[in-house]
Amino acid sequence: MLHLAEVIKDTDTGKLLLNLLAVEESKLQWTFCNNQYIPLDNDDNFKEGLLLLVELNNQGQILRCQSAKDWILNLLKEYLIEGNFRSNINIPEEEARLEKWRQELTSQSQDLTRIRLEVETRREELQELEQTLSWEKEKLKSQHQ
C-alpha cells in the first residue's frame, strides 16, 4: 500500500522513524493514519522532516521509498492551481459516493438506536426480575421465621 510519510526522530532513542501520515485507498482517495510509525533501518539516507511516498507490503515492511516532492507538486498543479480545480474529479461519482456513505451512516445510526432500545428494555426486564426475586426472597424469609 502506498503511504505518505514524514521522517521524524524518536525522542527516546534518537533513531529516525517513518511517521505514516496518510494511506492511498484509491486513485483519488486517501485516508489519514493515526500514530503509525515504522523504524528506518538505514538512517544515513534520510533527514528529519523529509516527506516520502512509501510503499509497504502486507507485513508493514518497506518495499520502496521516494521523495514526495514531485507527487506533491503534481497535486498542486492538478487540483489547486487556478483553472484546474476539480478538473479530474467526477462530480456525479463523488455525489453518489457521498450519498452511499450517508445511507450507510443512517443505517448504522438506526441499528445503534435499535440496539440501545433493546438493551434498555432488557435492563428494565432485569430490574423487574431482580425486584421480583427480592420480594420472593423476603417472602420466603418471612415464612421460615
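Structure: see above.
Colleague: Can you explain the sheet that holds strand β5 (residues 62-67)? Please cite residues and give values.
Modeller: Strand order in the open sheet formed by five strands is β3-β2-β1-β4-β5, with antiparallel pairing between adjacent strands. Strands with a single pairing partner mark the edges of an open sheet, and in this sheet they are β3 (29-39) and β5. Neighbour to neighbour, the strand axes of the sheet diverge by 30° on average, direction disregarded. Here strand β2 (residues 16-26) pairs with β3 via eight bridges, running antiparallel. Counted as the bridge partner of Glu24 is Trp30 from β3.

Colleague: Describe the pairing of strand β1 (residues 2-9), naming the residues involved and giving the relevant values.
Modeller: When β1 meets strand β4 (residues 51-56), the two strands line up antiparallel, connected through five bridges. Bridging from a neighbouring strand, Leu4 pairs with Leu53 of β4. Counted along the chain from β1 to the antiparallel partner β2, the turn is six residues long, and its residue Gly14 has a positive phi close to 80°.

Colleague: Can you break down the pairing of β2 residue by residue, with the values?
Modeller: Bridge analysis of β1 against β2 gives seven bridges, and the strand direction is antiparallel. Of the residues in β2, the one forming a bridge with Lys9 is Leu16. Taking the residues between adjacent antiparallel strands as the criterion, β2 and β3 are bridged by two residues.

Colleague: Can you break down the environment of Leu17 residue by residue, with the values?
Modeller: Considering the arrangement of structural elements, one finds Leu17 in strand β2. Residues Leu17 and Leu40, 23 residues apart in the sequence, show an inter-C-alpha distance of 5.3 Å. Setting aside residues no more than four positions away along its own chain, Leu17 makes contact with Glu6, Val7, Ile8, Asp10, Tyr37, Ile38, Pro39 and Leu40.

Colleague: Tell me about a nonpolar patch on the surface, and name the residues and values.
Modeller: There is a patch of nonpolar side chains on the surface, built from Leu73, Leu76 and Leu80 and spanning about 280 Å² of accessible area. Following the sequence through the fold, Leu76 ends up in helix α1 (residues 69-80). Taking relative accessible area as the criterion, Leu76 reaches 37% and is therefore assigned partly exposed.

Conventions used here
- Residues numbered from 1 in each chain as written.
- Predicted model: local features only at pLDDT ≥ 70, side-chain atom pairs only at ≥ 80, totals over all residues.
- Heavy atoms only, no water.
- Pairing = 2+ DSSP bridges.
- Helix = DSSP H or I, 4+ residues; strand = E, 2+ residues; numbered from the N terminus.
- Axes fitted to C-alpha atoms, helices over the stretch in contact; angles between N-to-C directions.
- Contact = heavy atoms within 4.5 Å.
- Patch = residues over 30% accessible without salt bridge, like charges linked within 9 Å, V, L, I, M, F, W, Y side chains within 5 Å.
- Areas by Shrake-Rupley, 256 points an atom, 1.4 Å probe, with all protein chains shown as cover.
- Salt bridge = Lys/Arg side-chain N within 4 Å of Asp/Glu carboxyl O.
- Buried < 20%, exposed > 50% of the residue type's maximum accessible area, 1.4 Å probe, protein only.

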